[in-house]
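Next come the chains, spelled out residue by residue.
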Amino acid sequence: MRDHHEGQDHTRPRHEEPMLKPVGALRGHPRSAAYVRESHGIHRRRDLGDDLTAALHAWQLLMPNHGSFTGLTSAAVRRWWLPPIPKGTPVFIALGLDDPRPMRMGVRTSRHTRPIGYDDFEGLRCASIPETLLACARAVSLIDLVVMIDCVLHLQQCTVKDIEAVIRPRRPGAKALKRALAYADDASESAYETLLRLLHVLCGIDVATQYVVRDEDGVKVARADLRIVGTPDLPEYDGDEHEKAPRRVKDRRRDRAIERAGYVRRGYTAGDVLHRSASVLRDAERSLGLPHDPERIRPWLDELRKSLFSPSGQAEFLRRTTPRLPERARPGRID
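This one's a predicted model, so the numbers in the text were calculated from it and none came from an experiment.

This next bit is on the environment of G262. Checked against the element boundaries, G262 lands in the loop between α8 (245-260) and β12 (264-268). Between the C-alpha atom of G262 and that of P232, which follows or precedes it by 30 residues, the distance is 7.1 Å.

Shown next, in the form of C-alpha cells:
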C-alpha cells in the first residue's frame, strides 16, 4: 500500500498552501494583492496592468452565455484600425431584450430582440464583424466608421455583402452604416490613407486609389496611395516610419523614379490631414486648375469635428455614450 505522505513536499510547512498562479479574472472578493478591482464583484490580475483583454475577461464574467462584446470594444479586441479612443469610453456589450440583469457604470448595453452572432476571440465573445460595425455606427461618426470598414475589407475579414446583410429597416445604426459603406474602399492600407482619401472625396476631388505608376516603357515604377484623376499628382500619406534613415533613403530613390515617369508626388503627414487640410485641398485645386474656394473644405471639416480624431468629436462621443446612471435606472436600447 502506498503511504499517504508519499509525494508530499516535506521542505514546506504543512500549513502553507502551494503557490498557485492566479487566473486572469474572477468573481467575488479575493483577499489577495494579486488582484485589482475592475467593478463591484469582479477582479483581474494586477500583474497584467491595464491590459484590455484582462479587463474584458473580468467583465465577461457578468454576461450571460449569449452576451457578447460589441461596438468599439469588439473592434479593439479585433485590433482594427481605430480612431483615438478617449479615456472614459464605456465597455460596449450586447444582450438579449429579455435578459433581466442590469449592467454597471462604465458599460453601454444594447439589448436585442433576437440573438446576434459572435466569435470567440482570445477567449472573449465578440459580436460578429457586421454586428460590430453596426454597433459602431450607433456611436461614432462617418469618418471613424469608414476607417473601420476599410480595415475589415482590406484584411478580407468580411465582404460588402456581409455588411449589407445587417443593414435592415428600423435597426439603429443601419442608415449610418449604409452611408459609410458607400465611402469605403478595400484598397486603403492604413487609417490615415483612408483619411487622406476622404479629405479629397468629401471636398469633391475625384481620386483613384493604389495607382500604379509606370515609365515610358510600361515598367512599374511605384504604387501610389492616390492619384488625382486627370492629373499627374499623387497624394500620399507619410507616417513616422518614413522619417527613419533607411526608409528615407529608399523613399528619395522612389521619388526620383516617380518624377522621371512624369508624375508629382505630394507627401502629407497626420498633422497635414487633421490640422492643415486646407493646404492639402489647395494643392489639389492647383493640380486641377481650379480657383480656390473656401467653401469646398467645409464638408470635410464638418465631418472631422464630429469624429474621434478631433477633441470636439471625442467630447460629444463621451456625452452620448457614457451612462449617467446605472442601467438599472434606465431603459435598455432595443435593436
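Once that is clear, we can look at the pattern of salt bridges. Across all of its chains, the model carries 20 salt bridges by this definition. Between R254 and E236 there is a salt bridge, and its shortest N-O distance comes to 2.9 Å. Separated by 18 residues along the polypeptide, R254 in helix α8 and E236 in strand β11 (residues 233-237) bring together distant segments of the chain. By relative accessible area, which is 23% here, R254 ends up partly exposed.

A few words on the packing of helix α7 (residues 191-202) against helix α10 (residues 277-288). Their axes nearest at 10 Å, the elements α7 and α10 cross at an angle of 65°. When the axes of α7 and α10 are compared, the crossing they make is right-handed. Residues L196, L199 and H200 of α7 touch α10, and the partners they reach there are S277, V280 and A284. Class assignment of the residues belonging to the contact of α7 with α10 gives a composition of four nonpolar, two polar and no charged.

Here we come to α7. Between its first and last C-alpha, α7 extends 16 Å over 12 residues, near the 16 Å set by a 1.5 Å rise per residue. The element α7 is largely enclosed, with a buried count of 11 among its 12 residues. Considered for burial, the residues of α7 that qualify are A191, Y192, E193, T194, L195, L196, R197, L198, L199, H200 and L202. With its phi angle positive at about 85°, G204 sits one or two positions after the end of α7.

Consecutive residues of a regular strand have side chains that alternate between opposite faces of the sheet. Examined bridge by bridge, strand β9 (residues 207-214) and strand β10 (residues 220-228) share seven bridges and lie antiparallel to one another. By the bridge assignment for β10, V207 is matched with I228. Connecting β9 to the antiparallel partner β10 that follows it, the hairpin turn spans five residues, and G218 within it adopts a positive phi of roughly 85°.

Conventions used here
- Residues numbered from 1 in each chain as written.
- Predicted model: local features only at pLDDT ≥ 70, side-chain atom pairs only at ≥ 80, totals over all residues.
- Heavy atoms only, no water.
- Helix = DSSP H or I, 4+ residues; strand = E, 2+ residues; numbered from the N terminus.
- Salt bridge = Lys/Arg side-chain N within 4 Å of Asp/Glu carboxyl O.
- Buried < 20%, exposed > 50% of the residue type's maximum accessible area, 1.4 Å probe, protein only.
- Axes fitted to C-alpha atoms, helices over the stretch in contact; angles between N-to-C directions.
- Left-handed = near helix turned anticlockwise from the far one by under 90°.
- Contact = heavy atoms within 4.5 Å.
- Nonpolar A, V, L, I, M, F, W, Y, C, P; charged D, E, K, R; others polar.
- Expected span 1.5 Å × (residues − 1).
- Pairing = 2+ DSSP bridges.

Function-wise, these values are silent; they only describe arrangement.
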